[in-house]
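Here's the letter readout for the chains.
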Amino acid sequence: MTASVMAKMEYKFSFFFMLFALSWYYIGQIGVILVVLNKFNTINGWTLGEMAFLYGLMVFSQALTTFIFSSLNHFEGQIIEGTFDRLLLRPLSPLGQILAGNFDLSSIAHLLIGSVALYYGSTMANIDWTFDKILFFMLVITGAALIQGGIRIAVSAVTFWTLRNRSLVHILIFSSKEFILYPVSIFNQWVQIFLTVVFPIAFINFYPSHYFLDKETGDLLFHPAIQYMTPVVGIIVFALSFLLWRTGINRYQSVGN
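**Quick look at the overall build of the chain**
1) Next: Across its full length, the chain holds 13 helices and zero strands.
2) Next: In the chain, the succession of α and β elements from N to C terminus is α-α-α-α-α-α-α-α-α-α-α-α-α.
3) Next: For the chain, the residues scored as buried account for 48% of the 257 residues in total.
4) Next: Surface summary for the chain: the accessible area is close to 13200 Å², and the carbon and sulfur share equals 69%.

**Overview of the layout of surface pockets**
1) Next: Within this model, the second largest pocket holds a volume of roughly 330 Å³.
2) Next: The wall of the second largest pocket is formed by 16 residues, among which Val197, Val198, Pro200, Val237 and Leu240 lie closest to the centre.
3) Next: Within the residue set of the lining of the second largest pocket, elements represented by two or more residues are α8 (131–157), α11 (189–198) and α13 (230–251).
4) Next: Sorting elements by how many residues they give to the lining of the second largest pocket places α13 first, with five residues.
5) Next: Broken down by class, the residue content of the lining of the second largest pocket amounts to 14 nonpolar, two polar and no charged.

**Topic: unusual backbone geometry**
1) Next: The backbone phi angle of leucine 163 is positive, close to 70°, even though this residue is not glycine.
2) Next: As for its placement among the helices and strands, leucine 163 is situated in the loop between α9 (159–162) and α10 (166–174).
3) Next: Among the residues examined, leucine 163 registers a relative accessible area of 39% and is labelled partly exposed.

**Focus on helix α12 (residues 202–213)**
1) Next: Compared with the 16 Å implied by 1.5 Å per residue over twelve residues, the 16 Å span of α12 between its first and last C-alpha is a close match.
2) Next: Looking only at α12, the buried set comprises Ala202, Phe203, Ile204, Asn205, Phe206, Tyr207, Pro208, Ser209, His210, Tyr211, Phe212 and Leu213.
3) Next: Here the buried face of α12 lies against α3 (48–69), α8, α11 and α13.

**Focus: the nonpolar core**
If you look at soluble globular proteins, the nonpolar side chains tend to sit buried side by side.
1) Next: In this structure, Phe53, Tyr55, Leu57, Ile201, Phe206, Tyr207 and Phe212 are the most contacted members of the largest nonpolar core, which totals 42 residues.
2) Next: When residues of this core are traced back to their parent elements, those giving at least two are α3, α7 (106–124), α8, α10, α12 and α13.
3) Next: Leaving out residues up to four positions away in the same chain, isoleucine 201 has contacts with Ile151, Ser176, Phe179, Ile180 and Leu195.
4) Next: Judged by nonpolar contacts, the second largest core, of 15 residues, contains Leu72, Leu87, Ile98 and Phe160.

**What to know about the side chain of threonine 230**
1) Next: Mapped onto the secondary structure, threonine 230 falls in helix α13.
2) Next: In this structure threonine 230 comes out as buried when scored by relative accessible area, which is 0%.
3) Next: Within the structure, threonine 230 has its side chain in polar contact with the backbone oxygen of phenylalanine 203 (distance 2.6 Å).

**Some remarks on the packing of α8 against α12**
1) Next: Where α8 meets α12, the closest approach of the two axes is 10 Å, and the angle between their N-to-C directions is 170°. Between α8 and α12, the angle is such that the two are roughly antiparallel. Contacts from Asp132, Lys133, Phe136, Phe137, Val140, Ala144, Ile147 and Gln148 of α8 reach α12 at Phe203, Ile204, Pro208, Tyr211 and Phe212.
2) Next: Considered class by class, the residues forming the contact of α8 with α12 number ten nonpolar, one polar and two charged.

The rules behind these values
Residues numbered from 1 in each chain as written. Predicted model: local features only at pLDDT ≥ 70, side-chain atom pairs only at ≥ 80, totals over all residues. Heavy atoms only, no water. Helix = DSSP H or I, 4+ residues; strand = E, 2+ residues; numbered from the N terminus. Buried < 20%, exposed > 50% of the residue type's maximum accessible area, 1.4 Å probe, protein only. Areas by Shrake-Rupley, 256 points an atom, 1.4 Å probe, with all protein chains shown as cover. 1 Å grid on protein atoms, 1.4 Å probe; cavity = no way out; pocket = protein on both sides within 12 Å on 5 of 7 lines; lining within 4 Å. Points joined across faces, edges and corners; volume = space filled by probe spheres on them. Nonpolar A, V, L, I, M, F, W, Y, C, P; charged D, E, K, R; others polar. Expected span 1.5 Å × (residues − 1). Contact = heavy atoms within 4.5 Å. Core = buried A, V, L, I, M, F, W, Y, C linked by side-chain atoms within 4.5 Å. Polar contact = N/O pair within 3.5 Å; in protein donor to acceptor, adjacent residues only side chain to side chain. Axes fitted to C-alpha atoms, helices over the stretch in contact; angles between N-to-C directions. Parallel < 35°, antiparallel > 145°, perpendicular 65-115°, else oblique.

In structure tokens, the structure reads:
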């Protein structure tokens, strides 16, 4: 990880240009939300401050996810090129070696944009940051990172069977976050169930935001206790994904065979 950071910092112009480009990408997303809110004032009952907090929670948790799990986005290449085989020969965890092998600059942009959005959202929504909320915030960020990291592990594990997973990476890792830019309650019931039970990314920001914002739970499909479930769901998703990863490694055969 350290070597990867030093290698990227060697080219300072590229480093700062990437940060600049990523920052403007997220600013563009915020701009779209502002345009919608300017026209309708609220989105399904969510005000500007609440939307900023919802967005900030998503982006801030992605900072931790990207920092730890970004190497998995390129796992297909390691399988096809055979470099993954070298990792299996070492007396270390193959997954641990992959995770330690790369540093993604976008984690810094996520941290900066997420922090600003959270601060702005908290101020606008008048969140009272009690000790309980601060403690739960840390648990939520950890749980959200486990959910997103677990998805990346599962998508990578699929490569043991298919050899390629690029389309899944784009759909399930990058494109899927468009569903949680806005309150999940704007979608029909079946989409909400899908984003809660099958592909539980609603736990990244939508459900826990109800607790922090002291929002009414009328737009929740299930019991109000669901707003506290992000850490638990994170552990479950990560555990199931790791089980899939172990199953994939046990059946893996070198591309040279």
